[in-house]
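A structural walkthrough
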Amino acid sequence: MQSGTSLKERAEKAIEKSAMYGEDFDLNEFEVATREVPQTEDLEDLDDEFKQTLLNVGVLTDDKERSGSFLMLDNAVSHSSLKDPNIELMSLHEALEKHDWLKDYSWKLVAVDADKYTAKSYLENANGYFIRAPAGQKSSMPVQTCLMMGHKDVAQTVHNILIVEEDAKLDVITGCTTKKGVERAMHLGISEIYVKKGGVLNFTMIHNWAGDVGVRPRTVIHLEEGASFVNNYILLKPVRSIQSYPTAILDGEGAFARFHTIAVAHPGSELDLGSRVLFNAPNTKAELISRTITTGGKVIARGEMVANEPHCKGHLECHGLVLKDGGTQLAIPVLEANVADVELTHEAAVGRIAREQVEYLMARGLSEEDAVGMIVRGFLDVGITGLPEELAKDIDDTIAQIGKDAV
Amino acid sequence: MLEIKDLTVEIGGRKILNKVNLKVEQGSTTVLFGPNGAGKSALLMTLMGFSGYDIVGGQILFKGEDITHLSVNERAERGLGIMTQRPPNLTGVKLKDLVKVISNDHSLDTEAASKKLDMDRFMDRDVNVGFSGGEIKRSELLQLSAQNPCLYLLDEPESGVDLVSIEEIGTTIDELLSSRSKCSVDHHKRGNSALIITHTGQVLDYVEPDVGYILCNGTVMCRGNPREMLKEIKAQGYQECIECKVARL
């Protein structure tokens, strides 16, 4: 095991190291986000504008339908409350003090020196959430967390650890966003996720940023025997640049991972979104499904599956719509089989909406923009359930607007 | 109701229809016969305004209005409704949502209508995705019931359908044509009009036709009693008809 000093040395060496993909941000242009943040007892006490910002990323202020709520504002915790006594939710710093064993989970999946963003997060001693579902616990309602940037021109650093123990089941909704008026900022987020033997984790992440925000999440998920992980990622609003390539390591027999990605690239947005699965145990399965739209921005849909053990099965699906000239769709599926008895497949298609589909609906009396809206809505429907009604409405309105803009 | 005058149509620069003249009277059911490749489907697609069918001459009048250059949805708004042979798959679009959107301003009892067409099991399915031949036709008819057009353009409603489904489809078409129409005028025997393409004539077991046309090589060869025509075609094929036209010229 590495000592703290050597991690620090590695991070210091990597602080200028560019990431493999995405725009190379100069982190010196951003101030470190503050740790002095207002404390919120009850999310209902927040003003309406703040509440709306939370709602737009799936975070309810009336937490009746949530097991727990966590709000991180800039670089500190603003709110943390827990209703289900059978699970744990607190800040990572608090958790590291409470549980001596937790240090063995910290910076174990994500390397501090992967790039300047991981290095920066380590060197800033980033805080974030810690969620643990102890063995056998099945939480009936999701835990919700929100990571929000409250000031412009700052870099937020976040470090989360999520542990679902043996045969436990947990749903998590995470919303990442900027406070209204924060147009330019940088979000760096480290997430280390552990799903132990027979555990189930459904993880839904909604991003809603502003036009000049850079986002660099670094996520690795480790799955043991028979564990299951479903990741839903939704991004429908403008952003400057997101580069994310979460990796699921299927390390136990029969483990399963599924990634759903739904994203819209507006003019000026560059979305470099991938997901990677390493099949490191026999009989493991995975599905990577990506549906992206450009209305003028750039989408790079990566997907990579590496099969290292027999009887693995994986399917990768990248579908991209180009609704307007000026937009780019780049699908980069990668399949790698290192043993004989595996089945990896992929399906990729990029281009415009078929005219025939639009006219079929127009022949039923729909206007062209309503027809496009309906097709786009169908295109993005990959069966993500459990989103709050208010968010579903916001998604609907955004899609209707995309339909209008596309005609 | 519908008047087609000297309609000439090209697909990708190739002439498909040549000076077609045809009329559908209000409340009448007009049948279009013709061999494969005659241009029957192209005529229906052109009437609905689908892209790829370039009108290079002639005119389409609907209820007295020139609709030759109107968009697809403008034609639908005026009362044209179509059942094509191979409608596209709409991945992610649920049949129930589509029917709801189509029947927006009407009072279709969707549940009853879908049950009647044996489509209630399909309401949560993506439109046309994995549907069999008969299921596609029934789904189209359900959509048309919601749309309630004045003129039904039906492209071979019996093709690719099993015998039981044919009865269901034929009866439904007859009901739709006989039903009270937003375009009906009292003294007509039916409210709705139809232009139906049929190869086999099977649909005529359920729907009473008024007028028949034969289309060959992109042009109308003759107009007449549809049942007589069908008898002739079954006995002699289309060659007789072509020769007849040539003789008349």
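Scroll up to find the structure.
Residues numbered from 1 in each chain as written. Chains lettered and ligands numbered in written order. Predicted model: local features only at pLDDT ≥ 70, side-chain atom pairs only at ≥ 80, totals over all residues.

As for the overall build of chain A
Helices and strands together make up the secondary structure of chain A, namely seven helices and 22 strands. Radius of gyration (C-alpha) of chain A: 21 Å, near the 22 Å computed for a compact globule of 407 residues. Along the three orthogonal principal directions, the C-alpha set of chain A runs to about 65 × 60 × 45 Å. Expressed as a percentage of the 407 residues in chain A, the buried residues total 55%. Within chain A, residue pairs in contact and separated by at least 24 positions form 84% of the contacts whose partners lie at least 6 positions apart. (Helix = DSSP H or I, 4+ residues; strand = E, 2+ residues; numbered from the N terminus. Rg over C-alpha atoms; globule rule 2.2 N^0.38 Å. Buried ≥ 20, exposed ≤ 12 C-beta atoms within 10 Å, placed from the backbone. Contact = placed C-beta atoms within 7 Å.)

Some points on the interface of chain A and chain B
Contact with chain A, which involves 18 residues of that partner, is made by 19 residues of chain B. Of all the secondary-structure elements, those providing two or more residues to the side of chain A that touches chain B are helix H5 (355-362) and helix H6 (368-380) of chain A. Take the side of chain A that touches chain B: its biggest share by element is six residues, from H5 of chain A. Per-class residue counts for the side of chain A that touches chain B are eight nonpolar, four polar and six charged. (Nonpolar A, V, L, I, M, F, W, Y, C, P; charged D, E, K, R; others polar.)

A word on the nonpolar core
Counting residues in hydrophobic clusters, the biggest one holds 186 residues, and the most contacted among them are Leu223, Leu250 and Ala257 of chain A together with Met48, Leu151 and Leu153 of chain B. Per-domain counts for this core show at least three residues from each of domain 1 (4-354) and domain 2 (355-407) of chain A. Filtering out sequence-adjacent residues up to four positions away, Leu250 of chain A remains in contact with Leu223, Ala255, Ala257, Val277, Leu278, Phe279, Asn280, Ala281, Thr284 and Ala286 of chain A. With six residues, the next largest nonpolar core counts Ala14, Trp107, Val112 and Ala119 of chain A among its residues. (Core = buried A, V, L, I, M, F, W, Y, C linked by C-beta atoms within 7 Å. Domains from an automatic or database assignment.)

Section: helix H7 (residues 226-236) of chain B
Structurally, the α-helix is built with 3.6 residues per turn, so residues lying three or four positions apart point the same way. Residues and elements named next belong to chain B. Along H7, the residues that are buried comprise Pro226, Met229 and Glu232. Buried positions in H7, seen along its axis, are confined to an arc of 120° and lie on one side of it. In H7, those exposed residues whose orientation departs by more than 90 degrees from the buried face are Glu228, Lys231, Lys234 and Ala235. Immediately beyond the C-terminal end of H7, within one or two residues, lies Gly237, with a positive phi of roughly 80°. (Arc of directions from axis to C-beta.)

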